Amino acid sequence: MTSTAPTTAGAPRDAGKAPRKSVTSYLGKVARWAVMVVVAIVIIVPIAFAFMGGFRSTGAIRANPAGLPDPWLVENYTDILESDLFWSSLTNSVIVAAITVVVVVVVSALAAYAFARFSFPGRESLFTLFALGLLFPAAAAILPLYVLLRSVGLLNNPLGVALPQAAFGIPLTIIILRPFFRSIPVELEDAASIDGCSRFGFFWRILLPLSRPALATVGVLALVGSWNAFLLPLLILGGTDQWTLPLGVMNFTQQYSQDLALVLAFTSLSMIPALIFYVFAERQLIGGLTSGAIKG
């Protein structure tokens, strides 16, 4: 007579997997949080040092670089806000960035619409050509670009900076917008066509409103890239009254190199517009990039 014993050999093995898995998951979360904290510290500490240094004197900064303002000197910031150099540089940056963003968004949206919704010979080859534009560094084109802008009379002109910046930003923008435009159902376009809507009408009235997250994403990327540009404005814009904020910071640093606190105050004020814009547009930027990855 044989007795059948319950098989329990697998129970301890399965029971031991759950704690091991939870420990691994916990360690993974701790590692991710540690990396994020380190990255945040690396980004925040220099910004905080510059901002707090603007409220100190140069002697106090050199005596104790990591110290807090004591007393708080607001004169550094008020002197910058009363200077013509800061406001002229800010105005020039806003003009160049606005032109760049408008050109990038308008031209790239039209091109991405053609690549996404039209079928024509050589479409993919032409799209690949645009994608190869990402591999072409802007610094390599500085000399021929300078000669071209001089021949058409765009030196010392905001357009001479904005248009090339837009040209270098168009390839990435098309790559981001194309998946969004392709994800719009064809049935929606057919229904609009039946109602008498032209293809451009569908693009303007339906496609663009549905793609606002993507348009906000490429707008932020174009603005940040234009706001931080240094080499191209340095070569194209001659006078200090035409310089953008990065060039204004360089000029101010050279002019007041001995007054470290005043330089930090100018640098901090120069960062504020881009930081404010990014804070308000951060949700659209992250949402647009992640949605593009899912839809692509």
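Just so you know, these numbers come straight off a predicted model, no measurement behind them. (Residues numbered from 1 in each chain as written. Predicted model: local features only at pLDDT ≥ 70, side-chain atom pairs only at ≥ 80, totals over all residues. Heavy atoms only, no water.)

Observations concerning the overall build of the chain
Working step 1: In terms of helices and strands, the chain carries 13 helices and zero strands.
Working step 2: Along the chain, helices (α) and strands (β) appear in the sequence α-α-α-α-α-α-α-α-α-α-α-α-α when read from the amino end.
Working step 3: Here the chain holds 296 residues, and the buried ones make up 35% of them.
Working step 4: Residue pairs in contact within the chain that sit at least 24 positions apart in sequence constitute 72% of those at least 6 positions apart.
Working step 5: Per element, the accessible surface of the chain, about 17600 Å² overall, is 69% carbon and sulfur. (Helix = DSSP H or I, 4+ residues; strand = E, 2+ residues; numbered from the N terminus. Buried < 20%, exposed > 50% of the residue type's maximum accessible area, 1.4 Å probe, protein only. Contact = heavy atoms within 4.5 Å. Areas by Shrake-Rupley, 256 points an atom, 1.4 Å probe, with all protein chains shown as cover.)

With respect to the confidence of the model for the chain
Working step 1: Overall, the predicted model of the chain reaches an average pLDDT of 85, with 88% of residues at or above 70.
Working step 2: When mean pLDDT is taken per element in the chain, helix H4 (residues 84-117) scores highest with 93 and helix H13 (residues 260-295) scores lowest with 74.
Working step 3: The model gives residues 292-296 a pLDDT under 50, and that stretch makes six contacts with residues more than four places away or in other chains. (pLDDT = per-residue confidence, 0-100.)

Quick look at the layout of surface pockets
Working step 1: If you add up the space inside the largest pocket, you get close to 430 Å³.
Working step 2: For the lining of the largest pocket, the elements supplying multiple residues, two or more each, are H4, helix H6 (142-151), helix H7 (158-183), helix H10 (212-228) and helix H11 (231-236).
Working step 3: Among the elements that take part in the lining of the largest pocket, H7 stands out by supplying six residues, more than any other.
Working step 4: Of the residues belonging to the lining of the largest pocket, the class tally is 16 nonpolar, seven polar and no charged.
Working step 5: Approximately 220 Å³ is the volume attributed to the second largest pocket. (1 Å grid on protein atoms, 1.4 Å probe; cavity = no way out; pocket = protein on both sides within 12 Å on 5 of 7 lines; lining within 4 Å. Points joined across faces, edges and corners; volume = space filled by probe spheres on them. Nonpolar A, V, L, I, M, F, W, Y, C, P; charged D, E, K, R; others polar.)

Examining the side chain of Ser108
Working step 1: Mapping Ser108 onto the fold places it in helix H4.
Working step 2: A distance of 2.7 Å separates the side chain of Ser108 from the backbone oxygen of Val104, its partner in a polar contact.
Working step 3: Leave out the neighbours within four places in its chain, and Ser108 touches Val103, Ile170, Thr173, Ile174 and Leu177. (Polar contact = N/O pair within 3.5 Å; in protein donor to acceptor, adjacent residues only side chain to side chain.)

Some details on the packing of aromatic side chains
Working step 1: Going through the model one piece at a time under the given rule, you end up with 15 aromatic pairs.
Working step 2: Seen in terms of ring centroids, Tyr113 and Phe203 are 4.9 Å apart; in terms of plane orientation they differ by 35°. Their pairing is tilted. With Tyr113 in helix H4 and Phe203 in helix H9 (residues 199-210), this residue pair connects regions lying 90 residues apart in the sequence. Phe203 shares its class with Tyr113; the two are buried.
Working step 3: Each residue in the set Phe86, Trp87, Phe252, Tyr256 and Phe266 is aromatic and connected to the rest through ring pairs, giving one cluster.
Working step 4: A cation over a ring is seen here: Arg199 above Phe118, with NZ or CZ 3.9 Å from the ring centre. (Phe/Tyr/Trp six-rings, centres within 6.5 Å; stacked < 30°, edge-to-face > 60°. Lys NZ or Arg CZ within 6 Å of the ring centre and 35° of its normal.)

Some points on the side chain of Gln165
Working step 1: Within the element layout of this structure, Gln165 appears in helix H7.
Working step 2: With residues up to four places along the chain from it excluded, the contact list for Gln165 reads Val96, Thr100, Ser226, Ala229, Leu232 and Pro233.

Focus: the pattern of salt bridges
Working step 1: Applying the stated criterion across every chain, the model contains four salt bridges.
Working step 2: Between Arg117 and Glu189 there is a salt bridge; the shortest N-O distance is 2.9 Å. Placement of the pair is Arg117 in helix H4 and Glu189 in helix H8 (residues 186-194), with a sequence separation of 72 residues.
Working step 3: Using a relative accessible area of 12% as the deciding quantity, one classes Glu189 as buried.
Working step 4: A salt bridge links Glu124 to Arg178, with the shortest nitrogen-to-oxygen separation between them at 2.7 Å. Taken as a pair, Glu124 in helix H5 (residues 123-132) and Arg178 in helix H7 lie far apart in primary sequence, 54 residues in all.
Working step 5: Connected through salt bridges with shared partners, the residues Arg117, Glu189 and Arg199 form a single ionic network. (Salt bridge = Lys/Arg side-chain N within 4 Å of Asp/Glu carboxyl O.)

Details of H9
Working step 1: Across its 12 residues, H9 extends 15 Å between first and last C-alpha, which sits within 8% of the 16 Å expected from 1.5 Å per residue.
Working step 2: Within H9, the full set of buried residues consists of Gly201, Phe202, Phe203, Leu207 and Leu208.
Working step 3: Buried residues belonging to H9 abut H4, H7, H8 and H10. (Expected span 1.5 Å × (residues − 1).)

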